[in-house]
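Spelled out from the first residue to the last, the chains are:
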Amino acid sequence: MVSTSVGRTQSLHGPSPVTTFGPKACMLKNPKAVMHIQDPASRRLTWNKPPKSVLIIKKIRDASLLQPFKELCIFLTQQNNMIVYVERKVIEDPSLAHESFVSIKKNICTFREDYDDISNCVDFIICLGGDGTLLYASSLFQESVPPVMAFHLGSLGFLTPFNFDTFQSQVTQVIEGNAAIILRSRLEVKVVKEYREKGSVEEMSLVTNGNRTMQYQVLNEVVVDRGPCSYLSNVDLFLDGHLITTVQGDGVIVSTPTGSTAYAVAAGASMIHPNVPAIMITPVCPHSLSFRPIVVPAGVELKIMLSRDARNTAWVSLDGRKRQEIAYGDSITITASCFPVPSICFRDPVNDWFESLAQCLHWNVRKKQSHLSSEEEEF
């Protein structure tokens, strides 16, 4: 659901019509109201009550992040009296066993991925690392996501607009609610696997009503590819129940606007601003020169299934994780999620995006053509 009210935050703007994007739906709160297109730079972070807890996502096994991590923990716990949550495998890093950090550990709460539910414990998230830390933070929350503040301490940093040099003032502004946010849409993905008697005991134990269904929230993209097989991938693509094409090639990418600047752009897709409600379909090395990337409305339902004529199975990965094999009879259903990721901006959604295009992807960077002198113009 994309609206002017998001989880723990609310918009500063008043009773403008609220648009909801969901599976096959685009509804207005007031059907009689005129459609309102909001300025993407006008959405601001406002706390319903002062934040008290923060989740820190730190890139694992990166020694360069130890000092920033310590400084951030001290600032949050000692100067702001906040409850800090950190994943257990981060806090168990032997590099953090130094005496200077022992006292800080006592004020830190730990959790384990896939075991502990912290969805109702965290007011906002701080990421230390590259774009992968934001994707990982998204995967921890399968429903409402707290606002995310991402510091650029990795390699690319397209989704991490903040520099750590002035982290104290920047974090203080976020705590005070003085920041712009952008709602990064996610995809709700359902992988349905048909029951097979030859399946392992573990697989059979997950069967319900003959099939087993797994559901995921995806921020960047869903990738279906040919896996280790040398044959072409051969999958059918349905839109709202209608077969629109059969993908023959190395695979297909279904991405959000946020994911349009990731794997999709490397495969030849256009770059789409995250505020645009859309889903991108991008073939990977298609065996057809006319198969170009397309953009479809965010309200449609996509389904991907292995074609009856396929020579081999396919493989699916979700934001580069949860990779699994797809056989004949299995299906992947993709719709726009009702739970976007509220990403905190350094300036505003528009300026941040173009800054990332220029700094990270060097978009349209070239030496400028020199002007002609009056003498040269005569020739």
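Procedures and definitions
- Residues numbered from 1 in each chain as written.
- Predicted model: local features only at pLDDT ≥ 70, side-chain atom pairs only at ≥ 80, totals over all residues.
- Heavy atoms only, no water.
- Core = buried A, V, L, I, M, F, W, Y, C linked by side-chain atoms within 4.5 Å.
- Buried < 20%, exposed > 50% of the residue type's maximum accessible area, 1.4 Å probe, protein only.
- Helix = DSSP H or I, 4+ residues; strand = E, 2+ residues; numbered from the N terminus.
- Contact = heavy atoms within 4.5 Å.
- Salt bridge = Lys/Arg side-chain N within 4 Å of Asp/Glu carboxyl O.
- Arc of directions from axis to C-beta.
- Pairing = 2+ DSSP bridges.

## Quick notes on the nonpolar core
Moving on, step 1. Counting 34 residues, the largest nonpolar core has Ile56, Phe69, Leu72, Leu76, Ile126, Phe151 and Val171 as the members making the most contacts within it.
Moving on, step 2. Among the elements that line this core, the one with the most residues is helix H1 (residues 66-79), at 6 residues.
Moving on, step 3. When neighbours within four sequence positions are excluded, isoleucine 56 is seen to be in contact with Phe69, Leu72, Cys73, Leu76, Val84, Tyr85, Val86, Ile126 and Leu128.
Moving on, step 4. Among the nonpolar cores identified, the runner-up in size contains 28 residues, and Leu187, Val189, Val191 and Leu239 belong to it.

## Some points on the pattern of salt bridges
Side-chain pairing between opposite charges can occur once the charged atoms of the two side chains come close.
Moving on, step 1. Evaluated as defined, the whole model comprises 6 salt bridges.
Moving on, step 2. Measuring nitrogen to oxygen at the nearest pair gives 3.1 Å for the salt bridge that ties arginine 321 to glutamate 113. Taken together, the positions of arginine 321 in strand S20 (residues 321-326) and glutamate 113 in the loop between strand S7 (108-111) and strand S8 (124-129) put the pair 208 residues apart, joining distant regions of the chain.
Moving on, step 3. Residue arginine 321 is classed as partly exposed on the basis of its relative accessible area, which comes to 31%.
Moving on, step 4. Judged by its relative accessible area of 18%, glutamate 113 falls in the buried class.
Moving on, step 5. The salt bridge partner of arginine 226 is aspartate 250, with a shortest N-O separation of 2.9 Å. On the criterion of sequence distance, the pair formed by arginine 226 in the loop between strand S13 (221-225) and strand S14 (233-239) and aspartate 250 in strand S15 (residues 242-255) is long-range, its members being 24 residues apart.
Moving on, step 6. For arginine 226, a relative accessible area of 25% corresponds to the partly exposed category.

## Things to note about helix H5 (residues 167-175)
Moving on, step 1. Along H5, the residues that are buried comprise Phe167, Gln170, Val171, Val174 and Ile175. Projected onto a plane normal to the axis of H5, the buried residues spread over an arc of 140° and lie on a single side.
Moving on, step 2. Next to the buried residues of H5 lie H1, S8, strand S9 (148-152) and strand S22 (341-344).
Moving on, step 3. Directly beyond the C-terminal end of H5, a positive phi value near 80° is found at glycine 177.

## Considering the pairing of strand S11 (residues 187-194)
Moving on, step 1. Note that S11 and strand S21 (residues 331-336) share 6 bridges and pair antiparallel. By the bridge assignment, glutamate 188 is partnered in S21 with threonine 335.
Moving on, step 2. For S11 and strand S12 (residues 211-218), the ladder comprises 8 bridges, and the chain directions are antiparallel. Looking at the pairing, lysine 193 lines up with arginine 212 of S12.

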